[in-house]
Amino acid sequence: MRVLLTGGSGFIAAHVLDILLDHGHSVVTTVRSQQKAKAIADAHTSYGKDKLDFAIVEDIAQENAFDEAVKSDPPFEAVIHTASPFHFNVTDVQKQLLDPAIIGTTGILKSVKKSAPSVKKVVITSSFASIINPFKGTWPVHTYSEADWNPITSEQAVENPAAGYRASKTFAERAAWDFLEKEKPNFTISTMCPPLVLGPIVHYLNSLDGLNTSNQRIRDIMQGKAKDEIPETGTFIWVDVRDLALCHVLSIEKEEAANKRFFITAGYFSNKEIAQVVGKEYPQYKDQLPTEKTPGGDYPKDGVYKIDNSRVKDVLGIKFRSFEESIKDTVKSLQAVGA
Ligand code: NDP
């Protein structure tokens, strides 16, 4: 298939790109600069321009940002939209989180409808942030599934960056489903809703300081930041980036994925368990790591919400990697950039 992948420089997108190429698809990926395009191209020299090419989209928050990128010869058959800000380092939630997430999502859907009639499938990276009810805490009596929606409002969204991020994903995903209903486009939509995504980074785009948000807690634990007290885990569920990336690709390959939302999680974890796996697999970090006696980072005493991840297993046939394998491979990848 000829596929447009947005945000190809991202942590998750880098794995989506590799699986697309491995499955024989022909990919154009959007990045914000020529420099990022070159870094990706240099790491994939065995693929010609017909298999891997680039389009520059500097800012997805601009209306019509994707108008040119969706045009291609041969024409696209599928679009995977991953680009969206995921960090909490913002001063203006509206401009830095909500606009790029929402306008980015509606923008690409509009551009595809207008200028890429050959596209039959659109996959969007949403998040567990659009599923979780942040006002219920750890909600032990509840089972989260695709049926749940974060009830956050526009007023609550601008209260702080964490709320802003969760709202950005909720509103963007809602806008996508609304688009499908109102515009009745020629394509289907599938949304990917992962919680915390852990797993190896690709070395050619990363540095230890500029690490993607979700892996930062592993780096911080390795660097001794949890030695006296382990930070609260926050979200107690996770998925490996390679499994999530495969879900994106399977969603353009399998008809059964059309017009479905997928809650994509491998299961539970705690920050304490991250430290335990790092210590077991890499004894050289022992002096930086917390011990069994270090407080914090554990599961809440009252328990935590339950999860129903049956749809992704049934429809996409995914088998999830283990937490140990994921942490082990993440640390190895961080060592390649100097950890
Ligand atoms: P990254 O920060 O590594 O990737 C984000 C990508 O989006 C980058 O390519 C970034 O480009 C691009 N981007 C952000 N803002 C803009 C903008 N205004 N214009 C153009 N491009 C932009 O994060 P992840 O790979 O982790 O995130 C990818 C997707 O997955 C996001 O939609 C995120 O919400 C979602 N997600 C991630 C989870 C996680 O735990 N990692 C959990 C749940 C969902 P650049 O790097 O050049 O700025």
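Since the structure is predicted, the reported quantities are computational estimates derived from the model, not experimental observations.

Draft legend 1. Highlighting the environment of glutamine 156. With respect to the helices and strands, the residue glutamine 156 is situated in helix 4 (residues 154–157). Judged by relative accessible area, which is 23%, glutamine 156 ranks as partly exposed. As a C-alpha pair, glutamine 156 and threonine 106 span 50 residues in sequence and 22 Å in three-dimensional space. Ignoring anything within four residues of it in the chain, the contact list for glutamine 156 reads Phe135, Pro151 and Ala163.

Draft legend 2. Region of the structure containing the site of the ligand. Phe11, Arg32, Lys36, Tyr165 and Lys169 are the nearest of the 27 residues found near the ligand. The backbone of phenylalanine 11 places a nitrogen or oxygen atom 2.8 Å from an oxygen atom of the ligand. Measuring from an oxygen atom of the ligand, one finds a backbone N or O atom of serine 84 at 3.2 Å. Alone, the ligand offers 880 Å² of accessible surface; in the complex the protein occludes 88% of this. Among the residues forming the shell around the ligand, the class breakdown is twelve nonpolar, ten polar and five charged.

Draft legend 3. How the structure looks around the layout of surface pockets. The volume enclosed by the second largest pocket comes to roughly 210 Å³. As for the second largest pocket, its lining consists of Lys227, Ile230, Lys272, Ala275, Gln276, Gly279, Lys286, Leu289, Pro290, Thr291 and Glu292. A per-class count over the lining of the second largest pocket returns four nonpolar, three polar and four charged.

Draft legend 4. Quick look at the packing of aromatic side chains. Scanning the model with the defined rule gives 13 aromatic pairs in all. Summarising the aromatic geometry, the rings of tryptophan 139 and tyrosine 144 are spaced 5.8 Å apart at their centres and angled 70 degrees between planes, so their arrangement reads as edge-to-face. Of the residues examined, tyrosine 144 reaches a relative accessible area of 0% and is grouped as buried. An angle of 65 degrees between the planes, with centres 6.2 Å apart, marks the rings of tyrosine 282 and tyrosine 285 as edge-to-face. Across the pair, exposure class does not vary: tyrosine 282 and tyrosine 285 are buried alike. Feature note: the residues Phe128, Trp139, Tyr144, Phe263 and Tyr305 constitute an aromatic cluster, connected by ring pairs.

Calculation notes
Residues numbered from 1 in each chain as written. Predicted model: local features only at pLDDT ≥ 70, side-chain atom pairs only at ≥ 80, totals over all residues. Heavy atoms only, no water. Helix = DSSP H or I, 4+ residues; strand = E, 2+ residues; numbered from the N terminus. Buried < 20%, exposed > 50% of the residue type's maximum accessible area, 1.4 Å probe, protein only. Contact = heavy atoms within 4.5 Å. Near = heavy atom within 4 Å. Polar contact = N/O pair within 3.5 Å; in protein donor to acceptor, adjacent residues only side chain to side chain. Areas by Shrake-Rupley, 256 points an atom, 1.4 Å probe, with all protein chains shown as cover. Nonpolar A, V, L, I, M, F, W, Y, C, P; charged D, E, K, R; others polar. 1 Å grid on protein atoms, 1.4 Å probe; cavity = no way out; pocket = protein on both sides within 12 Å on 5 of 7 lines; lining within 4 Å. Points joined across faces, edges and corners; volume = space filled by probe spheres on them. Phe/Tyr/Trp six-rings, centres within 6.5 Å; stacked < 30°, edge-to-face > 60°.

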